[in-house]
Amino acid sequence: MNYGETLNIIDEKTKNLGITPGLDNIRELLKRLGNPQDKVPAIHIAGTNGKGSIMAYVEEVLVLSGLKVGRYISPAIFDYRERWKINKKEVTENDVAETLTDILKAIDEMARDGFTSPSAFEIETAAAFYMFEKNQCDVMLIECGMGGRLDATNVMKNKIVDVLASVSLDHMEYLGNTIGEITKEKLGIINEGDTLVTYPTTEEVNEAIFKYITDHEFFWRKTEINALDIIKSNVEGSEFYYRGTRFSISMAGEYQIYNAICAVEVIHAYNRYAIKNGKDAVQYDIIRKGLSQTFWPGRFSVIYRGPYIIADGAHNKDAWRVLAESIEKYFPSKKVVFILGVFKDKQYDDMIKILSPLMKCCFTVTAPGPRGLDAEYLATKMCYGGCRAVSCKTIREALAKAKEAAGKNGVVVATGSLSYIGRLIEISYEIDND
């Protein structure tokens, strides 16, 4: 099959199968593929917010150190192939077509033997393991989908370190209704004897980890907020000391500092693994350089200046709260105009409560796909919440109107979902180059 044909099949499985928690299907599929998930040492990242940013910092550092690094994320924001990268380069369309063709053959065999079909996410996860083994990667960075214990990525035995990013309330219908319950689900990625690195934790998350550690044996390496000294932080990035070493990052937002120091702890955990296995440890000059040049689009990213246009894929209550804090900190006296697009199954009433006090006005779009909340309905909800809102038929229209409303000295913030942020960034670049 060619690239287009394989994508059509994935689309059909996305529409017909949806989310299927559980590991039986993907384990059966991987067994038929030769269990590639256990052939490459892995760094496994779970959490609600910040997984991608932590992964981006770690990826940059490990690639700079000379390792061949496979990276798997979901969803992508620009291109389908963005899910799989090797040394920061997207795999080719031919790579995807060949890999998915092999996997779909194995799925046909499963069907003949009475097994149900793996979901699209399970297929894409298997594709990551398959491609990273085939390309003889030294290490693979694997991001959980939404959970942990029953997430399709939770099938690896050969792990260097597990990472728990920031945890907040999201996907409660699958993961639980409290931070403690959600944390426990995400801690399900830990195998006995693993090393766990955690983002600076809240009291609720700490309590859940302490409960979990009484029944499971693993080494817990904390990211210590008390070892952090922030020198400066603005919309163009931050400088800080962590454990006595000076770092700089170009990604804005105080939470990015926390993601960065979590990444430093992940690299320390990698170094313990490397030394134990006779490999070279990553040197501090490489860590500092890697952090300084990391960029992760769609996470409080400055994509235009004059006016500032900020793209942030915040899509849950905790992320919206952090976004509000960043806006108040970096643009305290600016006119702020929003572009909003959300999914129907998100807590958008909370988004309205948290963000509307900061808005001069907002322009709504319908997030792509069947989960997208109608732009007109969202605009009506915003108006009921006390904010002037206008629905737009296209992202291009919303961006043009938002820029005009903000003026050269204002700020445009696009948020609500990562699903439309990639296209918005592309349009902003097109306008900039006209």
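Our structure is the block above this text.
Counting starts from 1 at the beginning of each chain's written sequence and moves along it residue by residue. Owing to the predicted nature of the model, reporting of local features is limited to residues with pLDDT of at least 70; listing and counting of side-chain atom pairs is limited to 80 or more, with chain, interface and lining totals taken over all residues. Each side-chain value is worked out from all heavy atoms of the structure, with water and hydrogens disregarded.

Peer 1: Can you walk me through the sheet that holds strand β8 (residues 219–222) in this structure?
Peer 2: Paired through backbone hydrogen bonds, the strands of a sheet run either parallel or antiparallel to each other. Strand order across the open sheet formed by 8 strands is β4-β3-β2-β5-β1-β6-β7-β8, with mixed pairing between neighbours. Each edge of the open sheet is held by one strand with a lone partner, namely β4 (89–90) and β8. Two elements, strand β3 (residues 84–86) and β4, share 2 bridges in a ladder whose sense is antiparallel. For I86, the partnering residue across the bridge sits in β4 and is K89. Strand pairing is assigned whenever DSSP detects at least two bridges linking the two strands. By the criteria applied, helices consist of DSSP H or I runs no shorter than four residues and strands consist of E runs no shorter than two, each listed in order from the N terminus.

Peer 1: Can you help me understand the packing of helix α11 (residues 317–330) against helix α12 (residues 348–355) in this one?
Peer 2: Each pair of packed helices gets described by two things: the angle between the helix axes and the distance between those axes. Two elements in contact, α11 and α12, have axes whose closest approach is 9 Å; the angle formed by their N-to-C orientations is 15 degrees. With respect to their mutual orientation, α11 and α12 come out roughly parallel. Crossing hand, α11 versus α12: right-handed. Along its contact with α11, which presents K317, W320, R321, L323 and A324, the element α12 presents Y348, D350, M351, I354 and L355. Tallied by class, residues from the contact of α11 with α12 come to 7 nonpolar, no polar and 3 charged. Each axis is a line fitted through C-alpha atoms, and for a helix only the stretch in contact is used; angles between axes span 0 to 180 degrees, taken between their N-to-C directions. Each angle is binned into one of four classes, with values under 35 degrees roughly parallel, values over 145 roughly antiparallel, values of 65 to 115 roughly perpendicular, and all other values oblique. With the far helix as reference, a near helix turned anticlockwise by less than a right angle produces a left-handed crossing, and one turned clockwise produces a right-handed crossing. Whether two residues touch is decided by their heavy atoms; if any such pair falls within 4.5 Å, the residues are in contact. Under this grouping Gly is polar, as are all residues other than the nonpolar Ala, Val, Leu, Ile, Met, Phe, Trp, Tyr, Cys and Pro and the charged Asp, Glu, Lys and Arg.

Peer 1: Would you mind showing me how to read the environment of N87 here?
Peer 2: Within the secondary structure, N87 is located in the loop between β3 and β4. Throughout, exposure labels follow a simple rule: accessible area from a 1.4 Å probe, protein chains only, divided by the maximum for the residue type, with under 20% read as buried, over 50% as exposed, and the rest as partly exposed. When its relative accessible area of 30% is taken as the criterion, N87 is described as partly exposed. For N87, the contacting residues outside a window of four places in its chain are V63, L67, K68 and V69. N or O atoms closer than or at 3.5 Å make up a polar contact, with two conditions inside protein: a donor-capable atom paired with an acceptor-capable one, and, for residues adjacent in sequence, both atoms drawn from side chains. Among the polar contacts listed, one links the side chain of N87 to the backbone nitrogen of V69, at a separation of 2.7 Å.

Peer 1: Please clarify how unusual backbone geometry should be interpreted in this entry.
Peer 2: Excluding glycine, residues mostly carry a negative phi; peptide bonds, for their part, are mostly trans. Geometrically, the link from G306 to P307 is a cis peptide bond, its omega value of 5 degrees lying close to zero. Mapped onto the secondary structure, P307 falls in the loop between β12 (301–304) and β13 (308–311). With a phi close to 50 degrees, N87 is a non-glycine residue in the positive phi region. Look at F300: it is not a glycine, yet its phi comes out positive at around 45 degrees.

Peer 1: What is the right way to read α12 from this model?
Peer 2: Residue pairs spaced three or four apart in an α-helix point in one direction, given the helix's 3.6 residues per turn. Residues of α12 that are buried: Y348, D350, M351, I352 and L355. Residues of α12 that are buried in the fold lie against α11, β14 (336–340), α13 (375–384) and β17 (411–415).

Peer 1: Teacher, can you tell me more about the sheet that holds β12 here?
Peer 2: If you walk across this open sheet you meet the 6 strands as β12-β13-β17-β14-β15-β16, and the pairing is mixed. Strands with a single pairing partner mark the edges of an open sheet, and in this sheet they are β12 and β16 (389–391). Between one strand axis and the next, the sheet turns through 25 degrees on average, direction left out of account. Pairing of strand β15 (residues 361–364) with β16 involves 3 bridges; the strand directions are parallel. Its bridge partner being in β16, F363 is matched across the sheet by V390.

Peer 1: Could you clarify how one ought to interpret the pairing of β8 in this entry?
Peer 2: Regular strands show a simple pattern: their side chains alternate between the two faces of the sheet. Examined bridge by bridge, strand β7 (residues 195–198) and β8 share 4 bridges and lie parallel to one another. Of the residues in β8, the one forming a bridge with T198 is K222. Handedness is read with the strands pointing away from the viewer; a crossover is right-handed when the path from the first strand over the helix to the second is clockwise. Following the backbone out of β7, through helix α8 (residues 203–213) and into the adjacent parallel β8, one traces a crossover that is right-handed.

Peer 1: How should I be thinking about the state of the cysteines in this particular structure?
Peer 2: Put plainly, two cysteines are in a disulfide when a covalent bond ties their sulfur atoms together. Whenever a pair of cysteine sulfur atoms sits within 2.5 Å, that pair is classed as a disulfide. Taken as a whole, this structure holds 0 disulfides when the rule is applied. Considering cysteine sulfurs only, C387 is the nearest to C362, which forms no disulfide, with 4.3 Å between them. Cysteine C383 shares no disulfide, and the gap to the nearest cysteine sulfur, in C362, comes to 7.3 Å. Judged by relative accessible area, which is 39%, C383 ranks as partly exposed.

Peer 1: Could you clarify how one ought to interpret α13 in this entry?
Peer 2: Taken together, the buried positions of α13 are A375, L378, A379 and M382. Across the axial projection of α13, the buried residues extend over an arc of 100 degrees, all falling on one side. Turned more than 90 degrees away from the buried face of α13, the exposed residues are E376 and Y384. At its buried positions, α13 is contacted by β14, α12, β15 and β16. Regarding α13, its N-cap is D374, as a side-chain oxygen of that residue lies 3.1 Å from the backbone nitrogen of E376 further along. Of the residues flanking the end of α13, it is G386, one or two places downstream, whose phi is positive at about 95 degrees. Working note: the arc is built from the helix axis to C-beta atom directions.

Peer 1: What's the story with the pairing of strand β6 (residues 159–164) in this structure? I'm lost.
Peer 2: Of all 6 residues in β6, 6 are buried; the element is thus mostly enclosed. Taken together, the 5 bridges between strand β1 (residues 42–46) and β6 define a ladder with parallel strand orientation. Pairing of A42 across the sheet is with K159, part of β6. When β6 meets β7, the two strands line up parallel, connected through 3 bridges. Across the sheet, L164 pairs through a bridge with T198, a residue of β7.

Peer 1: Help me out: how do you make sense of the nonpolar core in this one?
Peer 2: Soluble globular proteins tend to bury their nonpolar side chains together. Judged by nonpolar contacts, the single largest core of 77 residues is most densely connected at I43, L62, F300 and F338. Residue contributions to this core peak at 14 residues, all from helix α9 (residues 254–276). In this view, F300 contacts V235, A252, Y255, I310, A311, D312, L323, S326, I327, Y330 and F331; residues no more than four positions away in its chain are not counted. Only buried residues count toward a nonpolar core. Its members are Ala, Val, Leu, Ile, Met, Phe, Trp, Tyr and Cys residues joined through side-chain atoms within 4.5 Å. The next biggest cluster of nonpolar side chains, apart from the first, holds 38 residues, and it includes I26, V40, I86 and A126.

Honestly, it's all geometry; don't read function into it.
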